[in-house]
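For reference, the chains in residue letters:
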Amino acid sequence: MRKVWSSPNQTGELMSVRVLILGVGTVGKGVLKTILGKPEFSVCGIASSKGYIYSENGLGQEALKQMAAGKKMSDAADFKQGSAMELVKEKEYDVLIELTTTDIKNAEPAFSYMGEALVRGKHLVTSNKGPLALHFHELDSLAKKNECMMRFEATVGGAIPIFSTIRDYLADEKVGSVKGILNGTTNYILSRMFEERIPYATVLKEAQDRGIAEKDPSYDVEGIDAAAKLAIIGASVFGKKNAYSEVKRTGITHVTPEILELAAQRNYRIKLICSADSKGMEVSPRFVGLSDPLASISGTTNAVTIETGSAGPLTLVGRGAGQNETAAAVIADLVNIEKNTR
Amino acid sequence: MKASLKVILRDTPGQLRKALEVFENVNANVISVMHVHGEKVGDEVPVEIIFGIPDREALQRMEILLRESGWKVLSIGKIVQLSRITVGIIGHIIGTKSFEEMITKVDELGANVCDFSIRMPAKNIESSALLTFESENNECTENAISEIGKLCEKYGLLLIKPVS
Ligand SMILES: NC(=O)c1ccc[n+]([C@@H]2O[C@H](COP(=O)([O-])OP(=O)(O)OC[C@H]3O[C@@H](n4cnc5c(N)ncnc54)[C@H](OP(=O)(O)O)[C@@H]3O)[C@@H](O)[C@H]2O)c1
């Protein structure tokens, strides 16, 4: 694996790993906050959709603190208008942290940022689902060819360590299947419909008022977000080539309070389940028996069950989104890269 | 496979051991033996034996051997373990032939529809239903669910499958 910039400086101290952060939105701010307390990392550049700031020796802590607290990047004295690609392509850094907006139609421009960084031999951490759901194998082979690490824990299940569990803890196990609840919004809606016996449209409105569902909720309720996450699992765990287009997808918009009630009489809950194995991938509302740990996952919580050969089924439960949770997954990946490349 | 035999024994010592000699002959191993004393007539008592046996052929041979040796066999056969599968169906079900077709299809595949519940909240509002069928093995279950899925697609219904 390619080593990061780790040679001791003249005073004998280990120099810090230089990171470039693309995207300083909800997740980016969370990552900035945490990274500032870690001397082993130094942020040498950050970028938004409008421009960037960069300093080869690391940006000032105070400026970064203010940005983490919400100050506009464009107000910084050294702000340069331009594309983040200029940073990715031309500047010096060790790890790219890609936290820009997800695009599930063509994955751009994030896919190009990631590809360019890997070609240049930079390690990659991302929370952005689009490029991995659509182009996992291209990125993975670029990473291998250029001896880089590519980490994407934050793309699926927030703070739940799905990929590191499979990669590290279950390294010797054959994973038979992965199934789970990977979209908090739809799980919240189904939970509320069940608890209150109220129709889908009423709960959706409530979720929108509470900021749990978007104004245009289709990305969640049609199962698109869940399918993108499942595609990343399908590609990385089961080697699926055209993972996203292969996912069979059904959303929750037709689920009724009556079916939830009928199901409850037979000791079932209905959940939007993502399931993947070597045969295929599917996102759809499913009956889950009460003895299955997934049945008791309510609200915006996420959970995933990994079926293994000898360890049996392992279920991990946690918060599937949120600034701190997602940032925690990004930082865990970054620390993992640092440990593996020093 | 698992099978069961109900045979009449005389209520005297050594009878059961004699009957079980046939089991060795066909490589069957006894799982449980129950004397049905409630059905005893004179000194004849029915005994129900559950056992494992390699295949149907061995079971046929066992029956022939038992009858040839003069045992009164009341019943013998494979024990079929049925599993119950419930699926949910949402949409405009009433007034279409969707359910009749599903029941026929499931039947043809060797499964058996044993329960059906439906909620119809109001006219023009989608109905919600549960369909339960019994199936002998996984293959039969998978085929039945897949055929129900095709019919749901044909009639524009939402199918909710159990998570496996
Ligand atoms: N929020 C969560 O809980 C969560 C959880 C898991 C994964 N994620 C994923 O993490 C990523 C970031 O999420 P977020 O909630 O932080 O989003 P966000 O608040 O909308 O922030 C997105 C950031 O990306 C920047 N950006 C957009 N296009 C860019 C471009 N072409 N070049 C450079 N920067 C660009 C935006 O800049 P401007 O400010 O200039 O527009 C903004 O700073 C997304 O891919 C999301 O799907 C989020």
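Bear in mind the structure is a predicted one, so any value in this text is a computation, not a measurement.

## Some details on the packing of aromatic side chains
Argument step 1. Tallied over the full model, the rule gives 5 aromatic pairs over all chains.
Argument step 2. Taking 4.2 Å as the distance between ring centres and 45° as the angle between the ring planes, the aromatic pair formed by Phe99 of chain B and Phe116 of chain B counts as tilted. Separated by 17 residues along the polypeptide, Phe99 of chain B in helix α3 (residues 98-108) and Phe116 of chain B in strand β6 (residues 112-119) bring together distant segments of the chain.
Argument step 3. Classification of Phe116 of chain B as partly exposed rests on a relative accessible area of 39%.
Argument step 4. An aromatic cluster of at least three residues, connected via ring pairs, comprises Phe136, Phe152 and Phe163 of chain A.
Argument step 5. The ring centre of Tyr93 of chain A lies 5.1 Å from the NZ or CZ of Lys122 of chain A, which sits over that ring.

## Quick look at the side chain of Thr185 of chain A
Argument step 1. Inspection of the secondary structure puts Thr185 of chain A in helix α7 (residues 184-196).
Argument step 2. Of the polar contacts made by the side chain of Thr185 of chain A, one reaches the backbone oxygen of Ile212 of chain A; its length is 3.0 Å.

## Some words on the confidence of the model for chain B
Residues and elements named next belong to chain B.
Argument step 1. Summary statistics for chain B give a mean pLDDT of 92 and a share of 100% for residues scoring 70 or more.
Argument step 2. Least confident of the elements in chain B is helix α1 (residues 15-25), whose mean pLDDT is 90; most confident is strand β8 (residues 158-162), at 97.
Argument step 3. Scoring the predicted complex yields pTM 0.89 and, for the interface, ipTM 0.87.

## Focus: the interface of chain A and chain B
Argument step 1. Contact with chain A, which involves 21 residues of that partner, is made by 20 residues of chain B.
Argument step 2. Together, the buried faces of chain A and chain B total about 1,800 Å²; carbon and sulfur atoms form 60% of this surface.
Argument step 3. The largest share of the area that chain A buries against chain B comes from Leu262, Arg266 and Phe287 of chain A, three residues that together contribute 35% of it.
Argument step 4. Remark: the boundary between chain A and chain B carries 3 salt bridges.
Argument step 5. Our count for the chain A to chain B interface comes out at 10 residue pairs in polar contact (both at pLDDT 80 or more).
Argument step 6. Among the elements of the structure, α12 (257-265), β10 (268-277) and β11 (281-289) of chain A are those that each provide at least two residues to the side of chain A that touches chain B.
Argument step 7. Grouping the constituent residues of the side of chain A that touches chain B by class yields 10 nonpolar, 4 polar and 7 charged.
Argument step 8. Of the pairings in the sheet, the one linking β11 of chain A to β8 of chain B comprises 2 bridges and is parallel in character. Residue pairing in the sheet places Arg286 of chain A in a bridge with Lys161 of chain B of β8 of chain B.

## Let's talk about the site of the ligand
Residues and elements named next belong to chain A.
Argument step 1. Taken together, 21 residues lie near the ligand, and Val27, Ser49, Thr100, Thr102 and Ser127 sit nearest.
Argument step 2. For the ligand, the protein covers 74% of the area, taking 910 Å² as the surface of the free molecule.
Argument step 3. For the shell around the ligand, the per-class residue count stands at 7 nonpolar, 12 polar and 2 charged.

## A few points about unusual backbone geometry
Residues and elements named next belong to chain A.
Argument step 1. The omega torsion of the bond from Glu108 to Pro109 falls at 0°, within 30 degrees of zero and hence cis.
Argument step 2. Of note, Pro109 is situated in the loop between β5 (95-98) and α4 (110-119).
Argument step 3. One non-glycine residue, Asn267, lies in the positive phi region at around 65°.
Argument step 4. Mapped onto the fold, Asn267 is located in the loop between α12 and β10.

What counts, and at which threshold
Residues numbered from 1 in each chain as written. Chains lettered and ligands numbered in written order. Predicted model: local features only at pLDDT ≥ 70, side-chain atom pairs only at ≥ 80, totals over all residues. Heavy atoms only, no water. Phe/Tyr/Trp six-rings, centres within 6.5 Å; stacked < 30°, edge-to-face > 60°. Helix = DSSP H or I, 4+ residues; strand = E, 2+ residues; numbered from the N terminus. Buried < 20%, exposed > 50% of the residue type's maximum accessible area, 1.4 Å probe, protein only. Lys NZ or Arg CZ within 6 Å of the ring centre and 35° of its normal. Polar contact = N/O pair within 3.5 Å; in protein donor to acceptor, adjacent residues only side chain to side chain. pLDDT = per-residue confidence, 0-100. Contact = heavy atoms within 4.5 Å. Buried area = accessible area lost by both parts, 1.4 Å probe. Salt bridge = Lys/Arg side-chain N within 4 Å of Asp/Glu carboxyl O. Nonpolar A, V, L, I, M, F, W, Y, C, P; charged D, E, K, R; others polar. Pairing = 2+ DSSP bridges. Near = heavy atom within 4 Å. Areas by Shrake-Rupley, 256 points an atom, 1.4 Å probe, with all protein chains shown as cover.

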